Amino acid sequence: MIIYPSLLFFSFMIYLLSGVFVLRMRPKSPVNRLFAALCLLFGAWSFLYLMAQGADDIAGAWRWYTVSSFSWIAAPAALLHFMLLLSRQGRNGDRQGWLYVALYVPSAVFAARMMTGTLIVAGFERASFGWREIYAPLSPWSSCYFIYASLYVFGGLVILFRRGMAEDHPAMKKQALLIAASGIIASLLIFLFNFLLPYAGAVRVPSLAPILILIWMAGVLIAIVRYRLMRLSPNLDLNSILDTMADSMILFDWDKKIINANPAALRLLGPADRLAEGTPASEIFLENEAFQEISRESLTREKPVHDIDIHGITSGGDRVMLSLSASAAYDKFGYPVGFVTVFRNISELKQAEEKLRFMATHDALTGLPNRLLLIDRFAQSANRAVRFNSLIALMLVDLDNFKTVNDTYGHGVGDLLLADVTARIKRSIRDYDTLARLGGDEFVLLLTDIMNVDEIEIVTSRIMRSFEEPFVLDSNRIYVTLSIGISMFPADSSLFEDLLKFADVAMYRVKGANKNNYHIYSKEMDGSDLEMLSLEESLRSAIEKDEFEVHYQPIIDIDSDMLVAAEALIRLRHPEQGLISPLMFIPLAEKNGLIIPLGGLILKKVCRQLREWLDAGFPPIPVTVNFSPKQFQDIGIFEKITETLREYRIDPRQLVIEITESSAFDDIERSRRTMEKLVDLGIHIIIDDFGASYSSLRLLKQLPLYGLKIDRFFIQNIVDDPGDAAIVKAIISLAHSLGLQVIAEGIESEVQLKYLRRLTFQEEEILRCDSCQGFHLSRPLVSEDLIAFLKSRDFI
């Protein structure tokens, strides 16, 4: 009789194909792997049972039956394990040892019993289809096996059914019902035909268990194919995902022709007919070398391509900068049919990055080269001068009485004046000469390819004459004169720093005379700069006599208008000249090393004031203190801070340290170690004037910073200059993505404040500064005035 062996072989093939089918859908899924293992288990059972039926004698039948017993003994445990995973009950437990013990130890015990004695079958007798089992009388072992098998199989089906019925999705209910019902039907038929009826002596048929399991397998496969079972096969609506993707996506064939595009791509590069199937990539992308290298071999044999910068072409012919990634796309049989590209528009970000890079080497206000670029230009010019035996003149240009202009007309007019000064000087020099701004009202001019001193004097006189006419700013006629110091390469030195110092000495000689003139440095000037010596002596005396005052400028939360901190600003109270701005003495203190004791004095005064406020019953007010580059790089800075805080019993959380970008990035490793120790103590650290100097974005994430202050120049022009607005948005986005607070400084008008309060980067994403400060909110105040200011606004 060939029907029964054919059914067994057919079962074997169905099991194998079912396991392969499910495993191919999601090879890494634990549930799919377990289902494939089950299929192999049932397949082995069918195949080995077929071998037992075709044995030549009883010994052969026993041998194949014993080997096949491992499959049907382990099946209940594997089935329960599968349904626990399927019902998500075993998601965490399947990684714990006790679960495997509970599942598989009983089956191991029964398998051991099968090897040493009778479990269910006592013998075999010859029949038309092969060998028929002779069942042994019901024994404790066979009773325990029936209980074990029933508990595991029916328990697993009940767990799966209950979980499915608890789901809201109708498809999940149908899936659970189909799997549970087919499993129960298959189990009942197996117990009926293989155990109950043979024991009752009602029928004498071969074991149908390997074939009846197909009923349950069919139920599982129908659930997979029809209902897309959640834990076995992908059940996501890919079209809905593509429709809601914010990033653009286009699928290409290997000839780089479009197969499909999602709505985001249509919105960016559309319309639909432009991105229709068959459109070549060259019509929507300006293909660069990286894109041209994308091929079937590169994507299937190597890694996917990430973050290619490529220009896209919109339907209007405009170019947009895109960041594009690509990976191979496969069909359901694993054959690579093309590649999928995911890209986004980064034009705004690139423009912001370009401006930040420009600002790293240029002055924010005038657009002139800054110190870094000036040094680079000097090195290039020096090489050319040596080669052609020519001269270089380094001219240090300082505006006379610029502080008076600022104090009289305000910083806004002062900034306009600096811009117009830049324009006049540039009109007086050659195109290949370099004009740079060092800061404040100091400019440096590099005159290259000079053959004699007469050429220098001609250019200098032309510049001086251009300043004879007044500047007209906001209906004000402002006369400006210049003091210029000049040094020569290579006559005075071949080093930039030395030439700058010598030009400084010559410029101070002009300042000490009648100003509005120029001097060329000579060695006779060394040691004769009495004015600088006098100023340095006055500064030393002021530090010893503590002639400094600390003023406090409130920092306000941009949303609640509440005080979040106050910035400490130092002022020098000179016995004869009155209150002197730090712009007059901080550079000198930096230059001669007095900044270290001066910084320690400021810290002590701030901590003493904090203690007085606390003793008077006021709530803790965080105060930010500016640390200079030399002060922050001082080897004993941490010990000095901790000693001062301990002396005045100040909570470190009340102290916020402000450092410039150069302070942080000059020695990144030392800065990081110092910052980590200060942060561990509880002190917050912020970057001051961010964007005005190096703006090393890569290093921000390496430092334990609390926040950063956006340079006042960007804030001043944020309303009228879209470029500066983009810079501000980029800085805020960058800072918030790194978890940093953002402070806007230099708020001088209600318009600027309102603009910052409603600032958004995308329609659904608010990108505001966290806090702000500036003259519009409050000028720097002495302690008593600050307390009065806080009381007037109910801050305290």
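Note on numbering: residues in each chain are counted from 1, in written sequence order. With the structure being a predicted model, the display of local features is reserved for residues of pLDDT at least 70 and the display and counting of side-chain atom pairs for 80 or more, all residues being used for whole-chain, interface and lining totals. Excluding hydrogens and water, the side-chain figures rest on all heavy atoms present in the structure.

Teacher, can you tell me more about the environment of Ala171 here?
Labels follow the DSSP assignment, with helices taken as runs of H or I lasting at least four residues and strands as runs of E lasting at least two, numbered in each case from the N terminus. Along the chain, Ala171 falls in helix H6 (residues 170-200). The buried category is assigned to Ala171, whose relative accessible area is 17%. Taking the C-alpha atoms as reference points, Ala171 and Arg226, separated by 55 residues in sequence, lie 9.2 Å from one another. When accessible area is computed with a 1.4 Å probe and restricted to protein chains, residues below 20% of their type maximum are described as buried, those above 50% as exposed, and intermediate ones as partly exposed.

Sorry, what's going on with the nonpolar core here?
The nonpolar side chains of a soluble globular protein tend to be buried with one another. Residues grouped as a nonpolar core are buried Ala, Val, Leu, Ile, Met, Phe, Trp, Tyr and Cys residues, joined through side-chain atoms within 4.5 Å. Within the largest apolar cluster, 83 residues are counted, with the highest numbers of intra-cluster contacts made by Phe548, Tyr552, Val606, Ile641, Leu708, Ile710 and Leu756. With 9 residues, the top contributor of residues to this core is helix H20 (residues 595-615). Contact criterion: two residues are considered in contact whenever any of their non-hydrogen atoms come within 4.5 Å of each other. If sequence neighbours within four positions are ignored, Val606 has contacts with Val550, Tyr552, Ala568, Val623 and Val625. Residues Cys39, Tyr152, Leu214 and Met217 belong to the second largest nonpolar core, which totals 65 residues.

I tried to follow unusual backbone geometry on my own but got confused; where do I start?
Phi is mostly negative for residues that are not glycine, and the peptide bonds are mostly trans. Cis geometry is adopted by the peptide bond preceding Pro490, which originates at Phe489 and carries an omega value of 5°. A positive phi angle, close to 55°, is found at Asn389, a residue other than glycine. Here Asn389 is to be found in the loop between helix H13 (371-388) and strand E9 (391-399). Positive phi, close to 55°, is recorded for Arg649, a residue that is not glycine. Among the structural elements, Arg649 can be located in the loop between helix H22 (637-648) and strand E20 (655-660). Using a relative accessible area of 56% as the deciding quantity, one classes Arg649 as exposed.

What is the right way to look at the packing of helix H2 (residues 30-53) against helix H3 (residues 58-86) in this model?
In helix packing, the relevant descriptors are the interaxial angle and the interaxial distance, both defined with respect to the helix axes. Two elements in contact, H2 and H3, have axes whose closest approach is 8 Å; the angle formed by their N-to-C orientations is 160°. Looking at the two axes, H2 sits roughly antiparallel to H3. Crossing geometry of H2 relative to H3 is assigned as left-handed. Put simply, Ala, Val, Leu, Ile, Met, Phe, Trp, Tyr, Cys and Pro go in the nonpolar bin, Asp, Glu, Lys and Arg in the charged bin, and everything else, Gly too, in the polar bin. Across the contact of H2 with H3, the residue classes tally to 25 nonpolar, 3 polar and no charged. Working convention: axes come from line fits to C-alpha atoms, limited for helices to the stretch in contact. Angles between N-to-C directions cover 0 to 180 degrees. Any angle that is under 35 degrees is reported as roughly parallel, and any over 145 degrees as roughly antiparallel; angles of 65 to 115 degrees are reported as roughly perpendicular and all others as oblique. In this scheme the handedness of a crossing depends on how the near helix is turned from the far one: anticlockwise by less than a right angle means left-handed, clockwise means right-handed.

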